[in-house]
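# Breakdown of the fold
Each chain is listed here by its residues.
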Amino acid sequence: VAKVISSFDFEKDDVKDLLKKVFYPATAIILVTTIVNFSTGALLVLIVLAMLFVSPINLKYFKKIVAVISIVFIIFLTLSITTKSFRGSTWGNRIFGSTESTFQKTQAKIAISNGGIFIKPGYSEQKYILPNSFSDYIFSITAEEYGIMGVSLILVLFLIFSYRISLILKRQERSFPMFLTLGIAFNILFQAFMHIMVN
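None of the values given here were measured: they were computed from a predicted structure. (Residues numbered from 1 in each chain as written. Predicted model: local features only at pLDDT ≥ 70, side-chain atom pairs only at ≥ 80, totals over all residues. Heavy atoms only, no water.)

### Concerning the side chain of Ser140
With respect to the helices, strands and loops of the structure, Ser140 is situated in helix H7 (residues 138-171). Look at Ser140 and you get buried, because its relative accessible area is 0%. In this view, Ser140 contacts Ala108, Ala111, Ile112, Leu130 and Asn199; residues no more than four positions away in its chain are not counted. (Helix = DSSP H or I, 4+ residues; strand = E, 2+ residues; numbered from the N terminus. Buried < 20%, exposed > 50% of the residue type's maximum accessible area, 1.4 Å probe, protein only. Contact = heavy atoms within 4.5 Å.)

The following block contains the structure:
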């Protein structure tokens, strides 16, 4: 996507050609990814949109793209919830608030509240109870073992990373490295902050 956007002449070329070059291959990749993991597919869509947003694309076209993607997302989500495929039951539980969906959130909050202020590595009790304590809910376990001091350090490191990325983007003279850096940084930062907020 970075290569296609950077090599496109927004003043001379037709924007429809850009959309074909970006969305045909991206859609194929996203569909294959979404079958296995819906969240990763959605993340890829957001990365492509973020890269298009900072490009010199006409805002009118960008709004149309967002509208079409939103409609497709709503249809896909509705079908997956009604047919209980592609993690539809999980999404249904989250949206309609069943007790099954609150278990992980409750355990994550318990882990965070157990953490306190100071660092005490290895003393987590919730890692044996909380599902996905090593992946989706690693932040809550980190909060339990390293307290407010530890997670504050993690947040500061992510903020420093964001600041450094912004400096790299400002210094770029060519568009390809800029779009590539933006795509990679967005992937890392969006996933990190989404998981932190969920926890």
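### Comments concerning H7
Counted at 1.5 Å a residue, the expected span for H7 with its 34 residues is 50 Å, but the 34 Å between its end C-alpha atoms falls short. Helix geometry: H7 is bent most strongly at Gly147, by close to 120 degrees. Every buried residue of H7 is listed here: Phe139, Ser140, Ile141, Thr142, Ala143, Glu144, Glu145, Gly147, Gly150, Val151, Ile165 and Leu167. (Expected span 1.5 Å × (residues − 1). Bend = angle between axes of the 7 residues up to and from the residue.)

### Some thoughts on the nonpolar core
Core analysis: the largest hydrophobic core is formed by 23 residues, its most contacted members being Ile5, Leu18, Phe23, Met51, Leu52, Ile57 and Ile65. For this core, the secondary structure elements donating two or more residues are helix H1 (2-6), helix H2 (15-36), helix H3 (38-54), helix H4 (59-83) and helix H8 (175-198). Look past the residues within four positions of Met51 in its chain and what remains in contact with it is Val1, Ala2, Ile5, Phe179, Leu182 and Gly183. Counting 5 residues, the second largest nonpolar core, distinct from the first, contains Ala108, Ala111, Leu130 and Tyr137. (Core = buried A, V, L, I, M, F, W, Y, C linked by side-chain atoms within 4.5 Å.)

### Digging into the packing of aromatic side chains
Taken as a whole and assessed by the stated rule, the structure comprises 4 aromatic pairs. Arranged with centres 5.1 Å apart and planes meeting at 75 degrees, the rings of Phe8 and Phe10 form a pair that is edge-to-face. In this pair, the class of Phe8 matches that of Phe10, namely buried. With 5.3 Å between their ring centres and 15 degrees between their planes, Phe186 and Phe190 make a pair best called stacked. With Phe186 and Phe190 both in helix H8, this residue pair falls 4 residues apart, about one helical turn. On the basis of relative accessible area, Phe190 is assigned to the partly exposed category, the value being 28%. Positioned above the aromatic ring of Phe176 is the side chain of Lys3, whose terminal nitrogen or guanidinium carbon lies 5.7 Å from the ring centre. (Phe/Tyr/Trp six-rings, centres within 6.5 Å; stacked < 30°, edge-to-face > 60°. Lys NZ or Arg CZ within 6 Å of the ring centre and 35° of its normal.)

### Side note on the packing of H3 against H4
At their nearest, the axes of H3 and H4 sit 11 Å apart, and the two run at 170 degrees to each other. When the axes of H3 and H4 are compared, the pair comes out roughly antiparallel. Of H4, the residues touching H3 (which contributes Phe38, Val45, Leu49, Leu52 and Phe53) are Phe62, Ile65, Val66, Ile69, Phe73 and Phe76. (Axes fitted to C-alpha atoms, helices over the stretch in contact; angles between N-to-C directions. Parallel < 35°, antiparallel > 145°, perpendicular 65-115°, else oblique.)

### Quick look at the pattern of salt bridges
In this structure the tally under the stated criterion is 1 salt bridge. Lys127 is the salt-bridge partner of Glu145, the closest N and O atoms lying 3.3 Å from each other. Of this pair, Glu145 sits in helix H7 while Lys127 sits in the loop between helix H6 (99-115) and H7, placing them 18 residues apart in sequence. (Salt bridge = Lys/Arg side-chain N within 4 Å of Asp/Glu carboxyl O.)

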